[in-house]
Structure formats: C-alpha cells, structure tokens
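Working through the structure, step by step
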Amino acid sequence: MSDADTRPLAVFDLDGTLADTAHRQHFLEGPRRDWAGFFAAAPADPPLPEGVRLAVSSAEECEVVYLTGRPERCRKDTVAWLARQGLPEGPLHMRRNDDRRPARRTKLETLRRLARGRAVRMLVDDDELVCDAAELAGFTVVRARWAIASPALKDAQEREGRT
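Model, not experiment: these values are computed from the prediction.

Rules behind the numbers
Residues numbered from 1 in each chain as written. Predicted model: local features only at pLDDT ≥ 70, side-chain atom pairs only at ≥ 80, totals over all residues. Heavy atoms only, no water. Helix = DSSP H or I, 4+ residues; strand = E, 2+ residues; numbered from the N terminus. Buried < 20%, exposed > 50% of the residue type's maximum accessible area, 1.4 Å probe, protein only. Contact = heavy atoms within 4.5 Å. Areas by Shrake-Rupley, 256 points an atom, 1.4 Å probe, with all protein chains shown as cover. 1 Å grid on protein atoms, 1.4 Å probe; cavity = no way out; pocket = protein on both sides within 12 Å on 5 of 7 lines; lining within 4 Å. Points joined across faces, edges and corners; volume = space filled by probe spheres on them. Nonpolar A, V, L, I, M, F, W, Y, C, P; charged D, E, K, R; others polar. Core = buried A, V, L, I, M, F, W, Y, C linked by side-chain atoms within 4.5 Å. Salt bridge = Lys/Arg side-chain N within 4 Å of Asp/Glu carboxyl O. Pairing = 2+ DSSP bridges. Axes fitted to C-alpha atoms, helices over the stretch in contact; angles between N-to-C directions.

**Some points on the overall build of the chain**
Each helix and strand counted, the chain has seven helices and five strands in total. The order of helices and strands in the chain, counted from the N terminus, is α-β-α-α-β-α-β-α-β-α-β-α. Taken across its 163 residues, the chain has 50% of its residues classed as buried. Nonlocal contacts in the chain, meaning residues at least 24 apart in sequence, comprise 73% of its contacts between residues at least 6 apart. Accessible surface, the chain as shown: approximately 8100 Å² in total, 52% of it carbon and sulfur.

In structure tokens, the structure reads:
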C-alpha cells in the first residue's frame, strides 16, 4: 500500500466552498429556475480564496477529494475549473444526472462510502444541512462561511436536489 493510499481524506464541496457562485445565482431566482444556464455559467466562477487555501494546505497531510452536488454532465467543465485554480488533484464525486435527492442525503451517503476505506479527516461544505447531517454521523466538519449563498440556491439544494 502506498503512502497516498493511507493518508486521511479531506473532502471539499465546490459551490460556495471553493467556487464563488454569486454571478450565476440569478438563474435560480423567479418562478422558473434555469438549471441549464446555472451550470453553463460555472466555468466562469471565481475561486474563493479561503477555500482554495484550505484545500492546498490540507493536501500536505491528506488526499483531497471533491464532493459536489453538481450533476455528472458537468464533469468536464468542473475538472478543467479545478485545474485552472491550481487545486490539488483528487477524485471528484458528482451527483448522477437523474438524482434529485437533497444534498444532505447524497453527500452523507458518499462520505460513509469513503469512510469505509479510509479515515475522513474533515468535510468542508457551505450547506448547513449537509454539515449538520455529517456532524450527526460523526464526521468532523469545517463550515465554509466565506461566501453568501442566495435563498434561491439554498432552497434548490434542499428541495430540488440540483446542486
């Protein structure tokens, strides 16, 4: 077993944790949410310096893993965005395109699966419901409170299971 196979995992969310979604949250406001527009604008997300610094420093002792509510169809853009920001390489876990369960359920399911094989040192996420669920399950959580999410995004995360 290599050293990379035994290091603990540091698990990072993307939207609102590493990526600033403020410029695209308008796609989710109003009676009809424009999910195609919301995700199409993601490659232009500015990085959130606090989250990026934490991911880079975590890579010194941990393997960095990315866990997002973005659908699988966004993988190519997401991998390119991570590379452009100079973030550590690591596995990217995304939501199935047809999965509309709340993020607190999908992410906790993935965290538990990851924890079966390796120690999870921490989860870094901005979604309070995800953080609460992870803490209740015994995971160490860092609450990413360095970006402001719109009420429309919070509602979408919980009720529509889209991000």
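**A closer look at the side chain of Ser58**
You can see Ser58 is positioned in helix 3 (residues 49–58). Excluding its chain neighbours within four sequence positions, the residues that come into contact with Ser58 are Ala10, Phe12, Val64 and Met122.

**Section: the layout of surface pockets**
Its volume calculated, the largest pocket comes out at about 170 Å³. Around the largest pocket sit 13 residues that line it, and Met94, Arg95, Arg96, Thr110 and Arg113 are the ones nearest its centre. The greatest single-element share of the lining of the largest pocket, amounting to five residues, is contributed by helix 5 (residues 103–117). By residue class, the composition of the lining of the largest pocket is two nonpolar, four polar and seven charged.

**What about the nonpolar core?**
A general feature of soluble globular proteins is that nonpolar side chains tend to end up buried together. In this structure, Phe12, Leu14, Leu18, Tyr66, Trp81, Leu82 and Leu87 are the most contacted members of the largest nonpolar core, which totals 23 residues. Listing elements by their share of this core, those giving two or more residues are strand 1 (9–12), helix 2 (35–40), helix 3, strand 2 (63–71), helix 4 (75–84), strand 3 (92–95) and strand 4 (120–125). Sorting elements by how many residues they give to this core places helix 2 first, with three residues. Residue contacts for Leu18: discarding those within four places in its chain leaves Phe12, Asp13, Pro46, Pro47, Leu48, Gly51, Val52, Ala55, Tyr66, Trp81 and Leu87. Formed by 16 residues, the second largest nonpolar core is a distinct cluster that contains Leu114, Val120, Cys131 and Ala133.

**Examining empty space enclosed by the protein**
One pass over the structure, following the stated rule, counts three cavities of 30 Å³ or more. In this structure, the second largest cavity encloses a volume near 40 Å³. For the second largest cavity, the full set of lining residues is Phe39, Ala42, Pro43, Arg70, Cys74, Asp77 and Thr78.

**Focus on the pattern of salt bridges**
Within this structure, the stated rule accounts for 18 salt bridges. Across the salt bridge formed by Arg70 and Asp15, the nearest N and O atoms sit 2.6 Å from each other. One end of the pair, Arg70, is in strand 2; the other, Asp15, is in the loop between strand 1 and helix 2, and 55 residues separate them in sequence. There is no split in this pair, since Arg70 and Asp15 are both buried. Asp99 is the salt-bridge partner of Arg95, the closest N and O atoms lying 3.9 Å from each other. Of the two residues, Arg95 and Asp99, neither departs from the other in class, the shared state being buried. Each of Arg95, Arg96, Asp98, Asp99, Arg101 and Glu109 takes part in a single network of salt bridges with overlapping partners.

**Some points on the sheet that holds strand 2**
One open sheet accounts for five strands, arranged 3-2-1-4-5; its pairing is parallel. Two strands in the sheet have a free side with no partner beyond their single neighbour: strand 3 and strand 5 (141–143). Between one strand axis and the next, the sheet turns through 20 degrees on average, direction left out of account. The sheet contact formed by strand 1 and strand 2 spans four bridges and is parallel. Each bridged residue has a counterpart across the sheet, and for Ala10 the counterpart in strand 2 is Val64. Taken strand by strand, helix 5 contacts strand 1, strand 2, strand 3 and strand 4, and its axis lies near 150 degrees from that of strand 2. Relative to strand 5, helix 6 (residues 128–136) is tilted by about 160 degrees, and along the sheet it contacts strand 4 and strand 5.

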